[in-house]
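Chain by chain, the residues:
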Amino acid sequence: MIVVDTLAALILVVLAWRCLLLTDLFRSIVLFIVFGLLMALAWARLDAPDLALAEAAIGAGLLGVLLLGTWRAMGSPDGDHRQPGRALQVIAAGGGMVLAVLVGIALHQLPVSEQAAGALALERLDEAATQQPVTAVLLNFRSYDTLLEMGVLLMALLGTWLARVPLMESLSGDDASRGTELLPVALRVFVPVMLLVGAYLIWAGTHSPGGAFQGGAVLAAAGVLLALAGRLRGDTGDSLPLRMLLVLGLTVFSLAGLLLIPLQGAFMAYPPTLIYPVMLIVEYSLAVSIAITLVLLYTGSRGLRRGPA
Amino acid sequence: MMAGLDVYALAAAALIGLGFFGLIVQMHPLKRLLAVNVLGNGVFLALIVIARRLPGGPDPVPHAMVLTGIVIAVSATAFGLALVRRQARDEEGDDE
(Lines give C-alpha, C1' and ligand atoms only; values in the text may rest on other atoms or scores of the structure.)
Protein backbone atom coordinates (compact mmCIF):
# COMPACT_ATOMS: atom_id res chain seq x y z
CA MET A 1 0.00 0.00 0.00
CA ILE A 2 3.05 2.24 0.10
CA VAL A 3 2.39 2.95 -3.58
CA VAL A 4 -1.09 4.29 -2.83
CA ASP A 5 0.27 6.49 -0.05
CA THR A 6 3.12 7.82 -2.13
CA LEU A 7 0.78 8.57 -5.03
CA ALA A 8 -1.78 10.26 -2.78
CA ALA A 9 0.87 12.40 -1.08
CA LEU A 10 2.42 13.33 -4.40
CA ILE A 11 -0.88 14.25 -6.05
CA LEU A 12 -1.85 16.32 -2.99
CA VAL A 13 1.28 18.41 -3.32
CA VAL A 14 0.95 18.76 -7.11
CA LEU A 15 -2.71 19.80 -6.80
CA ALA A 16 -1.85 22.38 -4.15
CA TRP A 17 0.98 23.68 -6.33
CA ARG A 18 -1.24 24.00 -9.42
CA CYS A 19 -4.10 25.44 -7.40
CA LEU A 20 -1.96 28.22 -5.95
CA LEU A 21 0.02 29.13 -9.04
CA LEU A 22 -2.56 29.05 -11.82
CA THR A 23 -3.76 32.51 -12.79
CA ASP A 24 -7.18 31.21 -13.84
CA LEU A 25 -9.25 31.61 -10.69
CA PHE A 26 -12.02 29.21 -11.68
CA ARG A 27 -9.59 26.37 -12.33
CA SER A 28 -7.83 27.11 -9.04
CA ILE A 29 -11.09 26.70 -7.15
CA VAL A 30 -11.94 23.46 -8.95
CA LEU A 31 -8.46 22.11 -8.18
CA PHE A 32 -8.95 23.09 -4.56
CA ILE A 33 -12.17 21.04 -4.43
CA VAL A 34 -10.32 18.04 -5.86
CA PHE A 35 -7.58 18.69 -3.31
CA GLY A 36 -10.21 18.50 -0.55
CA LEU A 37 -11.51 15.16 -1.85
CA LEU A 38 -7.99 13.77 -1.95
CA MET A 39 -7.41 15.02 1.59
CA ALA A 40 -10.42 12.92 2.60
CA LEU A 41 -8.76 9.89 1.01
CA ALA A 42 -5.51 10.67 2.83
CA TRP A 43 -7.37 10.89 6.16
CA ALA A 44 -8.88 7.49 5.53
CA ARG A 45 -5.41 6.05 4.82
CA LEU A 46 -4.04 7.68 7.98
CA ASP A 47 -6.51 5.82 10.24
CA ALA A 48 -8.64 8.92 10.69
CA PRO A 49 -12.11 7.97 9.37
CA ASP A 50 -13.72 10.76 11.40
CA LEU A 51 -11.65 13.32 9.57
CA ALA A 52 -12.34 11.68 6.22
CA LEU A 53 -16.09 12.04 6.79
CA ALA A 54 -15.78 15.66 7.91
CA GLU A 55 -13.40 16.59 5.10
CA ALA A 56 -15.57 15.05 2.38
CA ALA A 57 -18.65 16.93 3.60
CA ILE A 58 -17.04 20.21 4.65
CA GLY A 59 -13.65 20.61 3.03
CA ALA A 60 -14.62 19.39 -0.40
CA GLY A 61 -18.38 20.02 -0.42
CA LEU A 62 -19.37 23.12 1.51
CA LEU A 63 -16.13 25.02 1.01
CA GLY A 64 -16.29 24.40 -2.75
CA VAL A 65 -19.86 25.73 -2.97
CA LEU A 66 -18.87 28.77 -0.91
CA LEU A 67 -15.82 29.52 -3.05
CA LEU A 68 -17.65 29.10 -6.37
CA GLY A 69 -20.58 31.17 -5.09
CA THR A 70 -18.29 34.02 -4.10
CA TRP A 71 -16.43 33.76 -7.38
CA ARG A 72 -19.67 34.21 -9.27
CA ALA A 73 -20.92 36.95 -6.98
CA MET A 74 -17.72 38.87 -7.80
CA GLY A 75 -18.63 38.74 -11.47
CA SER A 76 -16.57 35.68 -12.42
CA PRO A 77 -13.15 37.36 -12.38
CA ASP A 78 -10.48 35.44 -14.24
CA GLY A 79 -7.86 36.23 -11.66
CA ASP A 80 -5.40 38.91 -10.83
CA HIS A 81 -2.56 39.49 -13.20
CA ARG A 82 -0.72 41.86 -10.95
CA GLN A 83 2.63 40.39 -10.03
CA PRO A 84 4.40 41.13 -6.79
CA GLY A 85 7.96 42.45 -6.99
CA ARG A 86 10.78 40.10 -7.92
CA ALA A 87 12.45 40.50 -4.53
CA LEU A 88 9.25 39.59 -2.71
CA GLN A 89 8.82 36.50 -4.89
CA VAL A 90 12.35 35.34 -4.15
CA ILE A 91 11.97 35.94 -0.42
CA ALA A 92 8.62 34.14 -0.36
CA ALA A 93 9.97 31.18 -2.32
CA GLY A 94 13.06 30.96 -0.10
CA GLY A 95 11.01 31.32 3.07
CA GLY A 96 8.52 28.70 1.94
CA MET A 97 11.28 26.24 1.09
CA VAL A 98 13.11 26.78 4.39
CA LEU A 99 9.83 26.36 6.27
CA ALA A 100 9.03 23.15 4.39
CA VAL A 101 12.49 21.65 5.01
CA LEU A 102 12.40 22.53 8.71
CA VAL A 103 8.90 21.06 9.16
CA GLY A 104 9.96 17.95 7.25
CA ILE A 105 13.03 17.43 9.44
CA ALA A 106 11.05 18.16 12.62
CA LEU A 107 8.34 15.66 11.70
CA HIS A 108 10.90 12.94 11.08
CA GLN A 109 12.92 13.55 14.22
CA LEU A 110 10.12 14.06 16.68
CA PRO A 111 10.50 11.52 19.49
CA VAL A 112 7.51 9.30 20.25
CA SER A 113 6.14 10.12 23.66
CA GLU A 114 4.53 7.41 25.76
CA GLN A 115 2.97 10.08 27.94
CA ALA A 116 0.89 11.74 25.24
CA ALA A 117 -2.52 12.96 26.37
CA GLY A 118 -4.03 10.52 23.91
CA ALA A 119 -2.46 7.54 25.68
CA LEU A 120 -4.23 8.57 28.86
CA ALA A 121 -7.47 9.07 26.93
CA LEU A 122 -7.23 5.60 25.36
CA GLU A 123 -6.47 4.05 28.73
CA ARG A 124 -9.46 5.59 30.47
CA LEU A 125 -11.93 5.16 27.62
CA ASP A 126 -14.30 3.16 29.83
CA GLU A 127 -14.98 6.20 31.98
CA ALA A 128 -16.35 8.06 28.98
CA ALA A 129 -18.99 5.40 28.32
CA THR A 130 -18.06 5.21 24.66
CA GLN A 131 -15.69 3.04 22.69
CA GLN A 132 -15.10 5.80 20.16
CA PRO A 133 -11.97 7.66 21.35
CA VAL A 134 -12.45 10.78 19.22
CA THR A 135 -16.00 11.32 20.52
CA ALA A 136 -14.78 10.71 24.06
CA VAL A 137 -12.13 13.40 23.66
CA LEU A 138 -14.50 15.85 21.97
CA LEU A 139 -17.42 15.57 24.35
CA ASN A 140 -15.84 14.41 27.55
CA PHE A 141 -12.11 14.66 28.16
CA ARG A 142 -11.64 17.94 26.38
CA SER A 143 -15.16 19.30 26.23
CA TYR A 144 -13.95 22.87 26.77
CA ASP A 145 -12.43 22.82 23.30
CA THR A 146 -15.69 21.79 21.73
CA LEU A 147 -17.71 24.28 23.76
CA LEU A 148 -15.45 27.18 22.79
CA GLU A 149 -15.40 26.02 19.20
CA MET A 150 -19.16 26.47 19.04
CA GLY A 151 -18.51 30.02 20.19
CA VAL A 152 -16.01 30.54 17.37
CA LEU A 153 -18.57 29.28 14.83
CA LEU A 154 -21.08 31.84 16.09
CA MET A 155 -18.44 34.58 15.93
CA ALA A 156 -17.75 33.75 12.29
CA LEU A 157 -21.47 33.94 11.55
CA LEU A 158 -21.74 37.31 13.33
CA GLY A 159 -18.81 38.58 11.26
CA THR A 160 -20.51 37.42 8.09
CA TRP A 161 -23.68 39.20 9.11
CA LEU A 162 -21.73 42.38 9.76
CA ALA A 163 -20.11 42.23 6.32
CA ARG A 164 -23.66 41.83 5.05
CA VAL A 165 -23.34 40.79 1.45
CA PRO A 166 -25.61 37.77 1.28
CA LEU A 167 -24.45 35.35 -1.36
CA MET A 168 -27.97 34.43 -2.40
CA GLU A 169 -29.04 38.02 -2.94
CA SER A 170 -26.22 38.77 -5.31
CA LEU A 171 -27.20 35.80 -7.43
CA SER A 172 -30.32 36.78 -9.34
CA GLY A 173 -33.45 35.19 -7.93
CA ASP A 174 -34.62 33.47 -11.11
CA ASP A 175 -31.24 32.03 -11.65
CA ALA A 176 -31.30 30.04 -8.46
CA SER A 177 -34.69 28.46 -9.07
CA ARG A 178 -34.22 27.82 -12.77
CA GLY A 179 -33.05 24.27 -12.88
CA THR A 180 -33.35 21.36 -15.18
CA GLU A 181 -36.22 18.94 -14.91
CA LEU A 182 -33.82 16.64 -13.13
CA LEU A 183 -33.54 18.99 -10.18
CA PRO A 184 -36.90 18.35 -8.45
CA VAL A 185 -36.35 14.60 -8.79
CA ALA A 186 -32.80 14.87 -7.47
CA LEU A 187 -34.02 16.91 -4.53
CA ARG A 188 -36.76 14.41 -3.72
CA VAL A 189 -34.28 11.54 -3.79
CA PHE A 190 -31.20 13.12 -2.24
CA VAL A 191 -32.48 15.43 0.48
CA PRO A 192 -34.29 12.76 2.54
CA VAL A 193 -31.31 10.42 2.16
CA MET A 194 -28.91 13.17 3.26
CA LEU A 195 -31.04 14.01 6.27
CA LEU A 196 -31.14 10.34 7.22
CA VAL A 197 -27.38 9.89 6.76
CA GLY A 198 -26.73 13.06 8.78
CA ALA A 199 -28.94 11.95 11.66
CA TYR A 200 -27.38 8.48 11.58
CA LEU A 201 -23.84 9.86 11.63
CA ILE A 202 -24.60 11.94 14.73
CA TRP A 203 -25.93 8.87 16.54
CA ALA A 204 -23.09 6.71 15.24
CA GLY A 205 -20.62 9.07 16.91
CA THR A 206 -21.29 7.40 20.24
CA HIS A 207 -19.76 4.09 19.18
CA SER A 208 -18.05 4.38 15.76
CA PRO A 209 -16.67 7.08 13.44
CA GLY A 210 -19.17 9.88 13.14
CA GLY A 211 -20.51 12.53 15.47
CA ALA A 212 -21.91 16.01 15.72
CA PHE A 213 -19.46 17.60 13.30
CA GLN A 214 -19.73 15.06 10.52
CA GLY A 215 -23.50 14.66 10.89
CA GLY A 216 -24.03 18.39 11.16
CA ALA A 217 -22.00 18.93 8.01
CA VAL A 218 -24.11 16.44 6.05
CA LEU A 219 -27.31 18.10 7.30
CA ALA A 220 -25.87 21.47 6.27
CA ALA A 221 -25.08 20.07 2.83
CA ALA A 222 -28.74 19.09 2.45
CA GLY A 223 -29.67 22.65 3.40
CA VAL A 224 -27.21 24.13 0.89
CA LEU A 225 -28.62 21.84 -1.83
CA LEU A 226 -32.11 23.17 -1.08
CA ALA A 227 -30.76 26.73 -1.15
CA LEU A 228 -29.03 26.12 -4.50
CA ALA A 229 -32.29 24.85 -5.94
CA GLY A 230 -34.13 27.90 -4.64
CA ARG A 231 -36.32 25.93 -2.23
CA LEU A 232 -34.69 27.68 0.70
CA ARG A 233 -34.08 31.41 0.49
CA GLY A 234 -32.04 33.75 2.59
CA ASP A 235 -34.28 36.14 4.47
CA THR A 236 -33.40 39.58 5.83
CA GLY A 237 -35.81 39.34 8.73
CA ASP A 238 -34.69 38.08 12.10
CA SER A 239 -36.46 35.10 13.45
CA LEU A 240 -36.27 34.22 17.11
CA PRO A 241 -36.72 30.44 16.66
CA LEU A 242 -33.81 30.32 14.23
CA ARG A 243 -31.59 32.27 16.59
CA MET A 244 -32.51 29.92 19.37
CA LEU A 245 -31.50 26.96 17.22
CA LEU A 246 -28.18 28.69 16.48
CA VAL A 247 -27.27 28.87 20.15
CA LEU A 248 -28.92 25.54 21.02
CA GLY A 249 -25.64 23.59 21.00
CA LEU A 250 -23.80 26.13 23.12
CA THR A 251 -26.72 26.42 25.56
CA VAL A 252 -27.37 22.70 26.00
CA PHE A 253 -23.67 21.93 26.34
CA SER A 254 -23.14 24.64 28.97
CA LEU A 255 -26.33 23.73 30.83
CA ALA A 256 -25.38 20.06 30.92
CA GLY A 257 -22.04 21.08 32.39
CA LEU A 258 -23.57 23.50 34.92
CA LEU A 259 -26.60 21.51 36.04
CA LEU A 260 -24.57 18.42 36.83
CA ILE A 261 -22.10 20.30 39.06
CA PRO A 262 -23.99 19.36 42.27
CA LEU A 263 -23.66 15.67 41.38
CA GLN A 264 -19.97 15.56 40.49
CA GLY A 265 -18.60 18.74 41.98
CA ALA A 266 -16.94 19.98 38.80
CA PHE A 267 -17.96 21.80 35.63
CA MET A 268 -18.61 19.37 32.76
CA ALA A 269 -18.07 16.26 34.82
CA TYR A 270 -20.87 13.78 34.21
CA PRO A 271 -21.93 11.01 36.59
CA PRO A 272 -21.25 7.60 35.01
CA THR A 273 -24.92 6.59 34.80
CA LEU A 274 -25.90 9.75 32.96
CA ILE A 275 -23.00 10.00 30.52
CA TYR A 276 -24.64 8.21 27.61
CA PRO A 277 -27.96 10.11 27.51
CA VAL A 278 -26.23 13.43 28.21
CA MET A 279 -23.76 12.78 25.42
CA LEU A 280 -26.51 11.92 22.95
CA ILE A 281 -28.53 15.04 23.79
CA VAL A 282 -25.43 17.23 23.55
CA GLU A 283 -24.40 15.66 20.23
CA TYR A 284 -27.79 16.25 18.61
CA SER A 285 -28.07 19.84 19.81
CA LEU A 286 -24.49 20.58 18.69
CA ALA A 287 -25.21 19.08 15.28
CA VAL A 288 -28.38 21.14 14.80
CA SER A 289 -26.52 24.34 15.64
CA ILE A 290 -23.57 23.43 13.43
CA ALA A 291 -25.84 22.59 10.49
CA ILE A 292 -27.84 25.82 10.72
CA THR A 293 -24.72 27.94 11.24
CA LEU A 294 -23.09 26.43 8.15
CA VAL A 295 -26.21 26.97 6.00
CA LEU A 296 -26.41 30.59 7.17
CA LEU A 297 -22.68 31.05 6.52
CA TYR A 298 -23.49 29.94 2.98
CA THR A 299 -26.50 32.20 2.43
CA GLY A 300 -24.93 34.99 4.51
CA SER A 301 -28.43 36.00 5.54
CA ARG A 302 -30.01 36.47 8.95
CA GLY A 303 -32.93 34.22 8.36
CA LEU A 304 -34.26 31.54 6.08
CA ARG A 305 -37.59 31.21 4.37
CA ARG A 306 -39.13 28.71 2.02
CA GLY A 307 -38.75 29.44 -1.65
CA PRO A 308 -41.28 28.56 -4.35
CA ALA A 309 -41.59 24.82 -4.67
CA MET B 1 8.60 4.85 11.46
CA MET B 2 11.87 6.59 12.24
CA ALA B 3 13.81 4.42 9.87
CA GLY B 4 12.11 5.34 6.62
CA LEU B 5 10.68 8.44 5.11
CA ASP B 6 7.05 9.12 5.93
CA VAL B 7 5.47 10.29 2.67
CA TYR B 8 2.61 12.06 4.44
CA ALA B 9 5.08 13.95 6.66
CA LEU B 10 6.87 15.10 3.49
CA ALA B 11 3.53 16.11 1.95
CA ALA B 12 2.61 18.05 5.11
CA ALA B 13 5.93 19.91 4.97
CA ALA B 14 5.48 20.68 1.26
CA LEU B 15 1.90 21.92 1.78
CA ILE B 16 2.99 24.22 4.60
CA GLY B 17 5.78 25.65 2.44
CA LEU B 18 3.50 26.03 -0.59
CA GLY B 19 0.76 27.67 1.45
CA PHE B 20 3.22 30.17 2.90
CA PHE B 21 4.59 30.98 -0.55
CA GLY B 22 1.12 31.36 -2.07
CA LEU B 23 -0.09 33.55 0.76
CA ILE B 24 2.69 36.08 0.14
CA VAL B 25 2.93 35.95 -3.63
CA GLN B 26 -0.74 35.87 -4.62
CA MET B 27 -2.48 39.22 -4.95
CA HIS B 28 -6.07 38.11 -5.43
CA PRO B 29 -7.98 37.83 -2.12
CA LEU B 30 -9.65 34.53 -3.17
CA LYS B 31 -6.24 33.06 -3.97
CA ARG B 32 -4.95 34.15 -0.60
CA LEU B 33 -7.83 32.36 1.11
CA LEU B 34 -7.00 29.23 -0.88
CA ALA B 35 -3.36 29.56 0.23
CA VAL B 36 -4.35 29.87 3.89
CA ASN B 37 -6.46 26.74 3.52
CA VAL B 38 -3.61 24.79 1.91
CA LEU B 39 -1.32 25.92 4.74
CA GLY B 40 -3.94 24.85 7.27
CA ASN B 41 -4.37 21.45 5.66
CA GLY B 42 -0.59 20.98 5.84
CA VAL B 43 -0.70 21.67 9.59
CA PHE B 44 -3.62 19.24 10.02
CA LEU B 45 -1.72 16.58 8.10
CA ALA B 46 1.35 17.11 10.31
CA LEU B 47 -0.77 16.68 13.45
CA ILE B 48 -2.30 13.44 12.20
CA VAL B 49 1.11 12.10 11.15
CA ILE B 50 2.28 12.68 14.73
CA ALA B 51 -0.93 11.11 16.10
CA ARG B 52 -0.26 7.90 14.18
CA ARG B 53 3.02 7.30 16.00
CA LEU B 54 1.47 6.68 19.40
CA PRO B 55 1.93 3.01 20.24
CA GLY B 56 -1.42 1.34 20.81
CA GLY B 57 -3.47 3.15 18.24
CA PRO B 58 -3.82 6.60 16.76
CA ASP B 59 -3.81 9.34 19.37
CA PRO B 60 -7.41 10.63 19.58
CA VAL B 61 -6.47 14.08 20.92
CA PRO B 62 -4.94 15.45 17.68
CA HIS B 63 -7.81 13.80 15.78
CA ALA B 64 -10.32 15.75 17.85
CA MET B 65 -8.25 18.92 17.43
CA VAL B 66 -8.14 18.54 13.65
CA LEU B 67 -11.85 17.75 13.51
CA THR B 68 -12.68 21.00 15.30
CA GLY B 69 -9.97 22.66 13.20
CA ILE B 70 -11.67 21.67 9.94
CA VAL B 71 -14.97 23.20 11.10
CA ILE B 72 -13.22 26.35 12.36
CA ALA B 73 -11.30 26.65 9.08
CA VAL B 74 -14.46 26.47 6.99
CA SER B 75 -16.25 29.04 9.16
CA ALA B 76 -13.26 31.38 9.13
CA THR B 77 -13.03 30.98 5.35
CA ALA B 78 -16.75 31.73 5.01
CA PHE B 79 -16.19 34.91 7.02
CA GLY B 80 -13.21 35.76 4.81
CA LEU B 81 -15.31 35.20 1.70
CA ALA B 82 -18.00 37.54 3.07
CA LEU B 83 -15.29 40.20 3.53
CA VAL B 84 -14.04 39.58 -0.02
CA ARG B 85 -17.56 40.03 -1.41
CA ARG B 86 -17.99 43.22 0.61
CA GLN B 87 -14.70 44.60 -0.69
CA ALA B 88 -15.67 43.74 -4.27
CA ARG B 89 -19.01 45.49 -3.85
CA ASP B 90 -17.46 48.59 -2.30
CA GLU B 91 -14.93 48.85 -5.12
CA GLU B 92 -17.74 48.52 -7.66
CA GLY B 93 -19.54 51.39 -5.91
CA ASP B 94 -16.42 53.56 -6.18
CA ASP B 95 -16.19 53.05 -9.93
CA GLU B 96 -19.68 54.34 -10.65
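(A) How the structure looks around the overall build of chain B. Along the backbone of chain B there are three helices and zero strands. Order of helices (α) and strands (β) in chain B, N terminus to C terminus: α-α-α. The C-alpha extent of chain B, read off along each of the three principal axes, is 65 × 25 × 10 Å. For chain B, the proportion of its 96 residues judged to be buried stands at 58%. Restricting to contacts in chain B with at least 6 residues of sequence separation, those with at least 24 account for 57%. Counting 7 positive and 8 negative side-chain charges, chain B places the averaged centre of each group 10 Å from the other.

(B) Spotlight on the domain arrangement of chain A. All names here are of chain A. Considered domain by domain, chain A is made up of domain 1 (1-76) and domain 2 (131-309). The interface of domain 1 with domain 2 comprises 13 residues on the first partner and 18 residues on the second. Applying the counting rule to domain 1 against domain 2 returns zero salt bridges. At the junction of domain 1 and domain 2, the tally comes to three residue pairs in polar contact (both at pLDDT 80 or more). Here the side of domain 1 that touches domain 2 is composed, by residue class, of nine nonpolar, two polar and two charged.

(C) Main features of the environment of Gln115(A). Residues and elements named next belong to chain A. Structurally, the position occupied by Gln115 is in the loop between helix 4 (86-109) and helix 5 (117-123). For Gln115, a relative accessible area of 73% translates into the label exposed. Taking the C-alpha atoms as reference points, Gln115 and Thr23, separated by 92 residues in sequence, lie 47 Å from one another.

(D) View of the interface of chain A and chain B. In this complex, chain A contributes 84 residues to the contact, which on the side of chain B involves 68 residues. Between chain A and chain B, roughly 7000 Å² of surface is buried when both sides are summed, and carbon and sulfur atoms account for 81% of that area. Our count for the chain A to chain B interface comes out at zero salt bridges. The tally of links from chain A across to chain B stands at eight residue pairs in polar contact (both at pLDDT 80 or more). Per-element tally for the side of chain A that touches chain B: the top contributor is helix 4 of chain A, with twelve residues.

(E) Structural detail: empty space enclosed by the protein. For the structure shown, the criterion picks out two cavities of 30 Å³ or more. When its volume is computed, the largest cavity comes out at roughly 110 Å³. Surrounding the largest cavity, 13 residues form its lining, Glu55(A), Gly59(A), Leu63(A), Asn37(B) and Asn41(B) being those nearest its centre. Within the residue set of the lining of the largest cavity, elements represented by two or more residues are helix 2 (25-45) and helix 3 (49-73) of chain A together with helix 2 (29-51) and helix 3 (60-95) of chain B. Among the elements that make up the lining of the largest cavity, the one with the highest residue count is helix 3 of chain A (four residues). A breakdown of the residues in the lining of the largest cavity according to their chemical character gives eight nonpolar, four polar and one charged. The volume enclosed by the second largest cavity comes to roughly 40 Å³. Lining the second largest cavity, in full, are Asp50(A), Val134(A), Thr135(A), Leu138(A), Leu139(A), Gly210(A), Gly211(A), Ala212(A), Gln214(A) and Glu283(A). Of all the secondary structure elements, the ones that give two or more residues to the lining of the second largest cavity are helix 6 (133-141) and helix 11 (212-228) of chain A.

(F) The arrangement of the packing of aromatic side chains in detail. All names here are of chain A. Going through the model one piece at a time under the given rule, you end up with four aromatic pairs over all chains. Each ring, one from Phe26 and one from Trp71, has its centre 5.0 Å from the other, and the planes form 40 degrees; the classification is tilted. Highlighted residues: Phe26 in helix 2 and Trp71 in helix 3, separated in sequence by 45 residues. Taking relative accessible area as the criterion, Phe26 reaches 35% and is therefore assigned partly exposed. Trp71 sits in the buried class, given a relative accessible area of 15%. Ring geometry for Tyr200 and Trp203: centres 6.0 Å apart, planes at 50 degrees, overall tilted. Of the two residues, Tyr200 and Trp203 are both situated in helix 10 (residues 182-204); the distance of three residues between them amounts to about one turn of the helix. Owing to a relative accessible area of 45%, Tyr200 belongs among the partly exposed residues under this scheme.

(G) Structural view of the environment of Gly230(A). Residues and elements named next belong to chain A. Here Gly230 is to be found in the loop between helix 11 and strand 1 (232-235). The buried category is assigned to Gly230, whose relative accessible area is 0%. Sequence separation between Gly230 and Arg306 is 76 residues; the distance between their C-alpha atoms is 8.4 Å.

(H) Focus on unusual backbone geometry. Residues and elements named next belong to chain A. The backbone phi angle of Asp47 is positive, close to 60 degrees, even though this residue is not glycine. Note on placement: Asp47 falls in the loop between helix 2 and helix 3. Exposure remark for Asp47: the relative accessible area of 42% places this residue in the partly exposed category.

Parameters and conventions
- Here the residue numbers are simple positions, counted from 1 along each chain's written sequence.
- Written order determines the labels here, with chains lettered from A and ligands numbered from 1.
- The model is predicted, so local features are restricted to residues of pLDDT at least 70 and side-chain atom pairs to those at 80 or more, both for listing and for counting; the totals for chains, interfaces and linings are taken over all residues.
- Excluding hydrogens and water, the side-chain figures rest on all heavy atoms present in the structure.
- Working definition: helices are DSSP H or I runs of at least four residues, strands are E runs of at least two. Numbering for both runs from the N terminus.
- Accessible area is worked out with a 1.4 Å probe on protein chains only. A residue is then buried under 20% of its type maximum, exposed over 50%, and partly exposed in between.
- Two residues form a contact once any of their heavy atoms are found within 4.5 Å.
- For the charge count, each Lys or Arg is scored as positive and each Asp or Glu as negative, with His and the chain ends excluded.
- Throughout, a charge is located at the NZ atom of Lys, the CZ atom of Arg, the CG atom of Asp or the CD atom of Glu.
- Either an automatic procedure or a domain database provided the assignment from which the domain bounds are taken.
- Salt bridge criterion: a side-chain nitrogen from Lys or Arg within 4 Å of a carboxyl oxygen from Asp or Glu.
- Two N or O atoms form a polar contact when they lie within 3.5 Å of each other; inside protein one atom must be a possible hydrogen donor and the other a possible acceptor, and for residues adjacent in sequence the pair counts only when both atoms belong to side chains.
- Each residue receives one of three labels: charged for Asp, Glu, Lys and Arg, nonpolar for Ala, Val, Leu, Ile, Met, Phe, Trp, Tyr, Cys and Pro, and polar for the others, Gly being one of them.
- Here's the idea: put two parts together, see how much 1.4 Å probe accessible area each one loses, and the total over both is what we call buried area.
- Within this scheme a cavity is a closed region of a 1 Å grid, computed over the protein atoms alone, that accommodates a 1.4 Å probe without allowing it to escape, whereas a pocket is open but has protein on both sides within 12 Å along at least five of seven lines; lining residues each have an atom within 4 Å of a point.
- Grid points are joined across faces, edges and corners, and a volume is the space filled by probe spheres set on the points.
- The criterion for an aromatic pair is that two Phe, Tyr or Trp rings (for Trp, the six-membered ring) have centres within 6.5 Å, with stacked assigned to planes under 30 degrees apart, edge-to-face to planes over 60 apart and tilted to the rest.

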